[in-house]
Structures are given as C-alpha cells and as structure tokens.
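Single-letter residue listing:
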Amino acid sequence: MESLAALLPDAVSASAALLLVAASFFTSAFTAAFGLGGGVAMLALLGVFLPVSALIPVHGAVQLGSNTGRAWHQRAHIRTAIAAPFLIGSVAGAAVGALLVVQLPDAVLKLALGMFILVITWTKIPGVENLRGAGLAAGSGIIALANMFFGATGPLLSAFFAQIIPDDRKALIATHAAGMTVQHLLKVVAFTVAGFAFAQWLPLIAVMIAAGYLGTVAGSRLLENMPEARFRFWFRIVVTLLALDLLRRGLMALL
C-alpha cells in the first residue's frame, strides 16, 4: 500500500484509488452496453474523493481515455459523416467556454440540462435525423460549451444523437463515444492551457483508463446480444433517470 500511495496525489488514499479503478471498469461497461450513465456516475464518485479544484479536469482526462477506448473498440459502427461538422462545433463551443470568466450558476445549469434532455428524449424533433453541416455544428457547439461548466454532458449528447440515429444502437453508442472523445480532449487541452497540474494525477488516471477499457470490452459483448427494441427502451429509461436526477439536484441547490 505504501508503494501505491507514493504514486498518488496527497488528496487520494490507496483504498480510494482502488475503489475508483474498480468503478472505472463497471461504469465503462455500463456505458458500452447502454450508451451513457457511466460518466455521470464516475463524476459523482470522484466528487467524494477529489478536491473540487481537480474534479472536472481529472474527470475529463479519465473520460477522454474511456471514450477513446470505446470509440476504438466499436470503430466499425461510427457514423463518420457526422464527424466533421461535430468537430467544428465542438472546437467553437470549447473555445467560448474557455474564454468565459463568469461561472454559470450550477443549479440553473442542472435544471436547464435536465429539462432539455427530457424534451429531446421523449419527443421527436421534426427533421433532426436529417441534420447535417451547420445544424450538427450548432448542436455540438452548445454541448461542448455546457461540458466546460458541468463536466458530464454525456446524457445530453446521447439524447441528441439518438434523434439523429434512431434505428442502430451500435452506431449510436460508437458515434457517441467518438463525439465525447472530441469534447473531453478539448476540455483537457483547455485545462492544461489554464495551468492545471495533470502530472501528479497521471498514474491514477492511466490505471483508471486501463480498467475502463476492460469494462468497455465486457459491455460491448452485452450490447451485441441485446435486441434493438430492448436497447431503446432501457436507453430512454436511463436517460430519463439521469435527467430527473439533474432536476432534483438543481432544485435542491435552489432551496
């Protein structure tokens, strides 16, 4: 334990690190099977053990590794036609978020995200499956901007992509992983430029990413055997629960 502790930041104990590594496996497996949920769960768990100043940057680095591994493992199913406009919008949204000096009220952001996720999960936006170019860039820009402030906007991006890819669960999860890889990469770059010291966190981040990839492999096997209709049902249920939790936390913060 002493040799393990020597590789960790002072704020994280060896037992906490082992718990986080195990959680990385299970949250990645869950996301690989159902498309979302793992990033939010990981953010909540990291919030128990990490100082506030390190929470969003470290979460972004871990999720960058997790989503990169999932995108690679499921690369055959990525909808590449979405990639270019999504990348442009993400860069623009992250750049705006990095320049903003005013922190948006956390409660208001949670309420807005929760409501928007519910709307686009349970209603069909006319023509959204035909979005290309400017429409995709605008949507990804908004999500990237929110990601800079909130840290776990996977459910928002999942709900957005579910409208665009309504009939292929494998393409939905793989394309979501590619999209989140871009957005988390931009977040890590922004925090690096801002001066966050990632070096002391790298051993823990690296092991969590490795465990996350093993979870991705396990979760992908479950996805392969899941019927499309069942996936869509549970996908909506998980998205709804996450959105309702956002609303709950937003309301509690206002009271």
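I will try to describe carefully the structure that is included in this document. (Residues numbered from 1 in each chain as written. Predicted model: local features only at pLDDT ≥ 70, side-chain atom pairs only at ≥ 80, totals over all residues. Heavy atoms only, no water.)

Quick look at the pattern of salt bridges
What the rule picks out here adds up to six salt bridges. The residue Glu228 makes a salt bridge to Arg232 at a minimum N-O spacing of 3.1 Å. With Glu228 and Arg232 both in helix H11 (residues 228-254) and four residues apart, this pair spans about one turn of that helix. By relative accessible area, which is 17% here, Arg232 ends up buried. Linking Arg248 and Asp245 is a salt bridge whose minimum nitrogen-to-oxygen distance equals 2.8 Å. With Arg248 and Asp245 both in helix H11 and three residues apart, this pair spans about one turn of that helix. Residue classification places Asp245 among the partly exposed residues on the basis of a relative accessible area of 25%. Look at the salt bridges and you will find they share partners, linking Arg169, Glu228 and Arg232 into a network. (Salt bridge = Lys/Arg side-chain N within 4 Å of Asp/Glu carboxyl O. Helix = DSSP H or I, 4+ residues; strand = E, 2+ residues; numbered from the N terminus. Buried < 20%, exposed > 50% of the residue type's maximum accessible area, 1.4 Å probe, protein only.)

Observations concerning the packing of helix H4 (residues 52-73) against helix H9 (residues 169-193)
Remark: H4 packs on H9, axes separated minimally by 8 Å, with the N-to-C direction vectors making an angle of 145°. Pair H4 / H9 crosses with left-handed handedness. When H4 is examined against H9, the residues Ile56, Pro57, His59, Gly60, Ala61, Gln63, Leu64, Asn67, Thr68, Arg70 and Ala71 are found in contact with a partner set consisting of Ile173, His176, Ala177, Ala178, Met180, Thr181, His184, Leu185, Lys187, Val188 and Phe191. In the contact of H4 with H9, the residues fall into 12 nonpolar, eight polar and two charged. (Axes fitted to C-alpha atoms, helices over the stretch in contact; angles between N-to-C directions. Left-handed = near helix turned anticlockwise from the far one by under 90°. Contact = heavy atoms within 4.5 Å. Nonpolar A, V, L, I, M, F, W, Y, C, P; charged D, E, K, R; others polar.)

Here's the deal with the side chain of Arg232
At 2.9 Å, the side chain of Arg232 forms a polar contact with the backbone oxygen of Ile165. With sequence-adjacent residues up to four places away left out, Arg232 is seen in contact with Ala162, Ile165, Pro166, Asp167, Asp168, Arg169 and Leu172. (Polar contact = N/O pair within 3.5 Å; in protein donor to acceptor, adjacent residues only side chain to side chain.)

Some points on the packing of aromatic side chains
Within the structure shown, the criterion is met by five aromatic pairs. Ring centres 5.7 Å apart and planes at 35° place the aromatic pair Phe231 and Phe235 in the tilted group. With Phe231 and Phe235 both in helix H11 and four residues apart, this pair spans about one turn of that helix. When sorted by exposure, Phe231 lands in the same class as Phe235, which is buried. Geometrically, the ring pair formed by Phe233 and Trp234 is edge-to-face, given 5.1 Å between the ring centres and 80° between the ring planes. The aromatic ring of Trp72 is capped on one face by Arg75, whose charged end is 3.8 Å from the ring centroid. (Phe/Tyr/Trp six-rings, centres within 6.5 Å; stacked < 30°, edge-to-face > 60°. Lys NZ or Arg CZ within 6 Å of the ring centre and 35° of its normal.)

None of the figures reported here should be taken as evidence of function without further support.
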